[in-house]
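Listed below are the residues making up each chain.
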Amino acid sequence: FFFVQRIMADTKQPVPAVGLHVRTVDPTLHKFQASVSRDGISIHIPNVNYLLKNFQECLGTAHKRWCAALWPIPPSAAVAVSVVFAGWVTTQPPEWWQSSITTTIWDLNNTLPGVSQLPSEVRVLYLAALASMIIMLFIVEIQRISLRLLLRYQGWLFEDRKPSNLTKAWFLVVKFCYVRTSRPLLYSYQDGLPRLPVPPLKATCGQLLASLKPIMPQKEFDELVEKCKVFQNKEGPVLQRYLHLKSWINKNYVSDWWLRFVYLRGRGSLLIHSNYFGCSDFWDRPVITDNQVGRAASLIHQFTAVKQQIDNEAIEPLIINGTIPMCMSQYQFMFSTTRVPKPDTDKLHQFDASESHHVAVLYKGVWYKLIPYSADHKLLEPHEIQHLLCSIVDNHKGPVTPHEGQLAALTAESRTIWAETREVHFSRGENRMSLNIIERAMFVVVLEDRSPQSLTEQSSWLLHGDGATRWCDKSFQLVVFANGRTGLNVEHSWGDAPVPSHVMEMVLINEYSAMQTGALKFDEAGLIVPPVSKGTHKTNFLCLMPVQRLHWVMKPELQKTIEQAVAQARANIDDLEFTSKIFDTVNKGLIKKCKCPPDAFVQMGLQLAYYRMENRFVPTYEPAMMRFFCEGRTETIRSCSEQSCAFVRAMDDPSVSAKERLELLKTAVNAHQLRTKQAMAGQGIDRHLFALYVVSRGKDINSAFLDQVLGLNWTLSTSQVPWRQASKKCYKSVDMKEVMVSSGGFGTVDFEGYGVCYAFMDDEYLLMHISSRRSTTRTNSERMMAAVQQAFDDMVALKDALGQPQAEAQPQPQPQPQPQ
C-alpha cells in the first residue's frame with residue numbers, strides 16, 4: 001500500500017518542502033509503507049512472516065463477519081446444510097430439474113461470471129450450495145426482523161413485579177427462540193435491535209410542560225404554554241415529519257446528531273467540562289500493590305487483553321433479565337480512538353489494530369511509546385511489561401524544556417485554539433511523528449508523582465491532574481498514582497460511563513483471578529514476580545521491543561501557546577470545588593427496607609437538600625439508559641416534578657405528619673420511576689426536542705418555543721453509574737466482594753449549579769461525588785454534601801417515626817438558603 005499525501009508549497013526548503021517528507025517508515029507497523037526524503041522514495045516491505053500474520057488476521061476478520069451475518073446459525077451448521085442440500089440435489093431424477101426451484105437455482109449460472117465454464121457436476125454442486133446459503137441468509141434476515149419487532153414491545157417495563165400473561169409469553173419467545181439459541185458475539189444482536197421511535201409531538205409537549213410547571217413563575221409558564229400551542233399547530237408537525245423520515249433511513253434518528261452537535265461541535269475545554277473520571281479501587285480497601293510500576297504493568301496487560309477480546313468480539317453482549325439484549329456499539333470506540341480537533345467540528349478517529357498496537361506513557365513530563373506485544377504479535381506477560389516500564393523509570397531524563405513537560409495542556413485548551421496550533425506546529429516533521437504515536441495509541445498511561453491521601457483528592461486529581469498531565473483527546477487514560485491507586489480519565493464524545501465502567505470491572509476481575517491462580521504475584525517491593533511455571537527458563541528481555549522516547553520541536557510561538565493553555569487549565573482547576581463521600585449508614589439495603597427504589601430515593605434526597613439550601617426548585621438532569629435501541633445512548637429523566645416538590649415542601653412543614661410525608665415520598669418515587677421507564681422505552685422528552693431543534697435550524701424554521709426550552713440550564717446535573725455489569729459467569733473464579741469498582745464523577749454543567757455522580761456498591765455502600773464552582777457564592781460542594789446527608793437521614797427516619805403514632809419527625813436545622 002502506498003500512501004500519498006497532499007503536496008504543500010514551501011520555497012524555504014528544497015525537496016522535503018513538498019510535505020511528503022513527513023511520511024516516514026515505522027518498522028513497528030508490519031505492512032507495506034513508503035517514505036520520501038531528499039534521497040528519493042523508499043519502499044518498506046515487511047517480513048514474509050508478518051505478511052502471513054496479516055493474512056491470518058484478515059481471514060479472522062472475515063470469519064467474524066461471516067459469523068455475524070449467519071448468527072444465530074453456527075457457521076459449521078450452515079456449511080453442513082449446504083453440503084447436504086448440494087448432495088441431495090445431485091441425487092434427484094432428471095424430471096426434478098423441470099421444477100421452478102431448480103430453474104431459479106440454474107438461473108444463477110447466467111448471472112455469476114465463470115460458472116458456465118465449469119463441468120456440469122461441479123456446477124450443480126456449486127450452485128446448489130450457493131442457493132442453500134442464500135436461503136439461510138434470507139431466513140436469518142427474517143429472524144432478525146422478527147426479533148426487532150418483538151423487542152419493540154416495552155410493556156414489561158411498566159408492569160409491576162407480577163408480569164402479565166402476554167409479557168410472560170413474550171419473555172419465553174425472546175429468550176428461547178433468539179437469546180439462548182447459540183453463543184452470541186459482541187455485536188450479534190445489533191441488527192436485531194429496534195430503531196428508536198419518534199414520540200408523538202403532543203405527548204412530548206405535555207410531559208415538558210408538566211416538568212416545568214413547578215419550576216417556572218406562573219406568568220412565564222403561561223407564556224410558554226401559549227408558545228407551545230403555536231408550536232404544535234404551526235412548525236411542530238413540519239419538523240416532526242422530517243424526523244419520521246430520518247427514523248426510516250437511520251438506525252437511530254438522534255445519535256449521530258447528538259455526537260456531532262452536543263460533543264464534537266463544542267468549542268470549550270474538555271478538561272473538567274466534558275471529560276469524566278472513574279476510580280478503579282474502592283478507597284476503604286488496600287490496593288493489591290502499592291508499587292506504581294508493578295500495578296501499571298498488571299493493568300496494561302489486562303486492558304490490552306480486554307481489547308483483544310473486543311477486537312475478536314469474544315465478550316458476550318449484555319442482556320437484561322437474561323432476555324433483553326442491549327446495544328454494544330460503543331465498545332468499538334473504547335480503544336485506539338482519538339478526538340481530533342478541527343476549527344468548527346472535531347472528528348472522532350478510530351485506528352485499525354494493525355497501526356494501533358502500542359500505549360503512550362507519560363512519566364514526569366516525558367512521553368514514551370511502549371509496545372506490550374512481542375515480535376510475533378503475542379501479548380507480553382505482566383512482568384515483561386514491568387521490565388519495559390522499569391526501563392522508563394530507571395533511565396528517565398527530564399523534558400528538554402519545561403514546555404515539553406506541559407504539552408498535554410494543549411488538549412485542554414479551547415478546541416479552536418488547539419486545532420489551529422495542531423495545524424501550524426504538528427502537521428509535519430518530528431512533532432507530527434510524535435503526535436501520531438500518541439493519537440494512534442490503544443490508550444494513554446499516566447504515571448503520576450502524587451499519592452492521594454483521600455477519596456476526594458484521588459477523584460479530583462483523576463478529573464484534571466495538574467492541568468498538564470491529561471491528554472484529553474484520547475478515548476481514555478489510565479492514571480496510576482505513586483501509591484498504586486488507579487483510575488480512568490475518559491473523553492465523553494465516543495461513549496457514556498457504563499462502557500468504561502464495565503471494561504474496568506472486567507480488568508479487575510481478570511487481575512484478581514490471576515492473583516488467585518498464582519499467575520500474578522508481587523514481591524515485598526510490590527513488583528511482579530515472573531511465573532514459577534516457566535521453571536528455569538528466563539525471559540530474554542533483550543528480545544522485547546524497547547520503549548521509544550518521543551521528541552518535540554518547541555518553537556517560541558508554540559511555547560507561548562502552551563503557557564497560555566497551562567494558565568487557563570489551572571484557572572479552571574482552581575475554580576473547581578470537589579468533594580466525595582462514602583455513605584455507609586445510607587445504602588441500597590436500607591433504602592430497600594423503606595420500600596423505595598434506590599435511585600429514586602437518592603434523587604428525592606437531592607431535591608430536598610437543594611431546596612433547603614436555595615429555597616427554590618431547579619431543572620434537574622439524570623440520564624436514562626437508551627441501549628435497548630440500536631445505537632442508543634441516553635435520555636433525560638427530569639427528576640424535579642410536581643410530586644417531588646410536594647414531598648420536599650412537606651418535609652419542612654410541621655403540620656404534616658410522618659405518615660403523610662412517607663406517602664408523599666412514595667408518590668414522588670413512583671412518579672420518578674414512571675418517568676425513568678418512559679425514557680428507557682423511547683418516550684422521553686429532551687432527545688426528541690433536541691432533534692426537532694436541529695431540524696429547525698437546518699431548515700431555517702424559527703421556533704420561539706424550542707429556543708426557550710432548550711435554553712434552560714441544568715442547575716442540578718446528576719448521574720448514577722451502574723454497578724456490577726459483568727455476568728456471574730465472569731465471577732466464577734473470583735469472589736465478588738474482592739472486586740469493588742468505585743464510582744466516577746464530572747464537573748458541573750451550569751455555572752451556578754452542581755454536578756452529582758453516585759453509585760450503589762452492592763447493598764453496603766453509597767458513593768457520591770459533588771462538584772461546583774468557587775467563583776460563584778451560590779454553590780458550595782461541602783455544604784451540599786452535608787445537606788444531602790441530612791436529607792437522607794430525615795427520609796430514613798420517616799419509617800421509624802411511624803412506630804410512634806403522635807410523632808411528627810421534625811426536621812433537623814438546615815443551612816440557611818442563599819439569597820435569590
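In what follows, the structure referred to is the one given above.
Residues numbered from 1 in each chain as written. Predicted model: local features only at pLDDT ≥ 70, side-chain atom pairs only at ≥ 80, totals over all residues. Heavy atoms only, no water.

Colleague: If you had to explain the overall build of the protein chain to someone new, which residues and values would you point to?
Modeller: Within the protein chain one finds 23 helices and 22 strands. Across the 820 residues of the protein chain, 54% fall into the buried class. Long-range contacts, defined here as pairs at least 24 residues apart, represent 76% of the contacts in the protein chain between residues at least 6 apart. (Helix = DSSP H or I, 4+ residues; strand = E, 2+ residues; numbered from the N terminus. Buried < 20%, exposed > 50% of the residue type's maximum accessible area, 1.4 Å probe, protein only. Contact = heavy atoms within 4.5 Å.)

Colleague: How would you explain the packing of helix H6 (residues 201-212) against helix H21 (residues 686-698) if you had to name every residue and give the values?
Modeller: One way to put it is that H6 packs onto H21 with a least axis distance of 10 Å and a crossing angle of 115°. When you trace H6 past H21, the crossing you get is left-handed. Listed contacts from H21 to Leu201, Thr204 and Leu208 of H6 are His688, Leu689 and Leu692. Residues belonging to the contact of H6 with H21 are distributed by class as follows: four nonpolar, two polar and no charged. (Axes fitted to C-alpha atoms, helices over the stretch in contact; angles between N-to-C directions. Left-handed = near helix turned anticlockwise from the far one by under 90°. Nonpolar A, V, L, I, M, F, W, Y, C, P; charged D, E, K, R; others polar.)

Colleague: Outline the packing of aromatic side chains, listing residues and values.
Modeller: Taken as a whole and assessed by the stated rule, the structure comprises 26 aromatic pairs. Pairing tryptophan 156 with tryptophan 170 gives two aromatic rings, centres 6.4 Å apart and planes at 15°, and the pair type is stacked. One end of the pair, tryptophan 156, is in the loop between helix H4 (120-151) and helix H5 (165-179); the other, tryptophan 170, is in helix H5, and 14 residues separate them in sequence. As far as the burial class goes, tryptophan 156 and tryptophan 170 line up, both buried. Plain terms: the ring middles of phenylalanine 335 and phenylalanine 443 are 6.1 Å apart, the flat faces sit at 70° to each other, and that makes the pair edge-to-face. With phenylalanine 335 in the loop between strand S5 (324-325) and strand S6 (337-340) and phenylalanine 443 in the loop between helix H13 (429-440) and strand S10 (444-447), the pair connects residues that are 108 residues apart, well separated along the chain. Given the relative accessible area of 4%, phenylalanine 335 is considered buried. (Phe/Tyr/Trp six-rings, centres within 6.5 Å; stacked < 30°, edge-to-face > 60°.)

Colleague: So what's going on with the nonpolar core? Which residues, and what values?
Modeller: By size, the foremost hydrophobic cluster in this structure holds 167 residues, and its most contacted members are Phe303, Trp367 and Phe705. Setting aside its immediate chain neighbours within four residues, phenylalanine 303 contacts Phe335, Phe443, Phe476, Leu478, Leu488, Val503, Met504 and Val507. Of all hydrophobic cores here, the second largest spans 43 residues; its members include Tyr610, Cys640, Cys645 and Val788. (Core = buried A, V, L, I, M, F, W, Y, C linked by side-chain atoms within 4.5 Å.)

Colleague: I'd love a proper account of the pairing of strand S9 (residues 366-370), names of residues and values included.
Modeller: Looking along a regular strand, one sees side chains alternate from face to face of the sheet. Most of S9 is tucked away: five of the five residues are buried. Examined bridge by bridge, strand S8 (residues 359-363) and S9 share five bridges and lie antiparallel to one another. Bridge pairing in S9 places alanine 360 opposite lysine 369. The hairpin turn running from S8 into S9, its antiparallel successor, is two residues long, and lysine 364 in that turn takes a positive phi close to 50°. One ladder, built from two bridges, connects S9 with strand S15 (residues 548-549); its direction is antiparallel. Residue tyrosine 368 lies in a different strand from S15, and its bridge partner there is arginine 549. (Pairing = 2+ DSSP bridges.)

Colleague: Let's hear about the sheet that holds strand S21 (residues 754-761): which residues, and what values?
Modeller: Taken in spatial order, the six strands of this open sheet run S16-S22-S21-S19-S17-S18, and their pairing is mixed. One side of each edge strand has no neighbouring strand; the edge strands of this open sheet are strand S16 (576-583) and strand S18 (634-638). Across the sheet, the mean angle from the axis of one strand to that of its neighbour is 20°, orientation sign disregarded. Summarising the sheet, strand S19 (residues 716-720) and S21 pair through five bridges and their orientation is parallel. Each residue of the ladder has a partner; that of threonine 718, found in S21, is valine 756.

Colleague: Provide a residue-level description of a nonpolar patch on the surface, including the pertinent values.
Modeller: Together, Ile135, Phe138, Ile139, Ile142, Ile145 and Leu149 make up an exposed nonpolar region whose accessible area comes to about 580 Å². Summarising the element assignment, phenylalanine 138 is placed in helix H4. A relative accessible area of 56% places phenylalanine 138 in the exposed class. (Patch = residues over 30% accessible without salt bridge, like charges linked within 9 Å, V, L, I, M, F, W, Y side chains within 5 Å. Areas by Shrake-Rupley, 256 points an atom, 1.4 Å probe, with all protein chains shown as cover. Salt bridge = Lys/Arg side-chain N within 4 Å of Asp/Glu carboxyl O.)

Colleague: An account of the sheet that holds strand S3 (residues 276-279) is requested, with residue identities and associated values reported.
Modeller: Ordered in space as S15-S9-S8-S10-S11-S12-S3-S20, the eight strands form an open sheet in which the pairing is mixed. Looking at the sheet topology across the chains shown, the edges are occupied by S15 and strand S20 (744-745). Two strands pair when backbone bridges link them, and S3 and strand S12 (residues 486-490) are joined in this way by four bridges, in the antiparallel orientation. Along S12, the bridge assignment pairs phenylalanine 277 with asparagine 489. This element, helix H14 (residues 455-464), spans S3, strand S11 (476-480), S12 and S20 of the sheet and lies at about 140° to S3.

Colleague: Any details on unusual backbone geometry? Residues and values, ideally.
Modeller: Even without being a glycine, lysine 364 presents a positive backbone phi close to 50°. With respect to the helices and strands, the residue lysine 364 is situated in the loop between S8 and S9.

Colleague: Pulling in residues and values, what's your account of the environment of lysine 227?
Modeller: Position of lysine 227 among the secondary structure elements: in helix H7 (residues 218-233). Sequence-wise, lysine 227 and glutamine 708 are 481 residues apart; in three dimensions their C-alpha atoms are separated by 9.5 Å. Ignoring sequence-local partners within four residues, the contact set of lysine 227 consists of Ala704, Phe705 and Gln708.

Colleague: Outline the side chain of serine 641, supporting the account with residue identities and numerical values.
Modeller: Tracing the backbone through its elements, the reader meets serine 641 in the loop between S18 and helix H19 (642-651). Looking at serine 641, its side chain comes within polar contact range of the side chain of glutamine 643, at 3.2 Å. Apart from the residues lying within four places of it in its own chain, the contact partners of serine 641 are Pro214 and Arg675. (Polar contact = N/O pair within 3.5 Å; in protein donor to acceptor, adjacent residues only side chain to side chain.)

Colleague: Report on helix H16 (residues 556-575), specifying residues and quantitative values.
Modeller: Counted at 1.5 Å a residue, the expected span for H16 with its 20 residues is 28 Å, and the 29 Å between its end C-alpha atoms agrees. Those residues of H16 that fall on the buried side of the exposure criterion are Leu558, Thr561, Ile562, Ala565, Val566, Ala569, Asn572, Ile573 and Asp575. Among the structural elements, helix H12 (415-425), H13, H14, S16 and strand S22 (765-773) are those in contact with the buried residues of H16. (Expected span 1.5 Å × (residues − 1).)

Colleague: An account of the pairing of S11 is requested, with residue identities and associated values reported.
Modeller: Summarising burial for S11: five of the five residues are buried, a large majority. Covered by surrounding structure in S11 are Phe476, Leu478 and Val480 together with Gln477 and Val479, the residues of both alternating faces. Sheet topology note: the S10/S11 ladder contains four bridges and is parallel. When the sheet's bridge partners are listed, valine 445 is paired in S11 with leucine 478. On the question of chirality, the crossover connecting S10 to the parallel S11 by way of H14 is right-handed. Sheet analysis places S11 next to S12, joined by five bridges and oriented antiparallel. Bridge pairing in S12 links glutamine 477 to asparagine 489. Hairpin geometry of S11 and S12 is characterised by an intervening segment of five residues between the two adjacent antiparallel strands and by a positive phi of about 90° at glycine 484. (Right-handed = clockwise from strand over helix to strand, strands pointing away.)

Colleague: How would you summarise the pattern of salt bridges if you had to cite specific residues and measurements?
Modeller: Taken as a whole and judged by the stated rule, the model has 30 salt bridges. In this structure, lysine 737 and glutamate 764 form a salt bridge, with 3.1 Å as the shortest nitrogen-oxygen distance. Taken together, the positions of lysine 737 in the loop between S19 and S20 and glutamate 764 in the loop between S21 and S22 put the pair 27 residues apart, joining distant regions of the chain. Overlapping salt bridges bring together Arg267, Arg339, Asp346, Arg415, Asp473 and Glu491 as one network.

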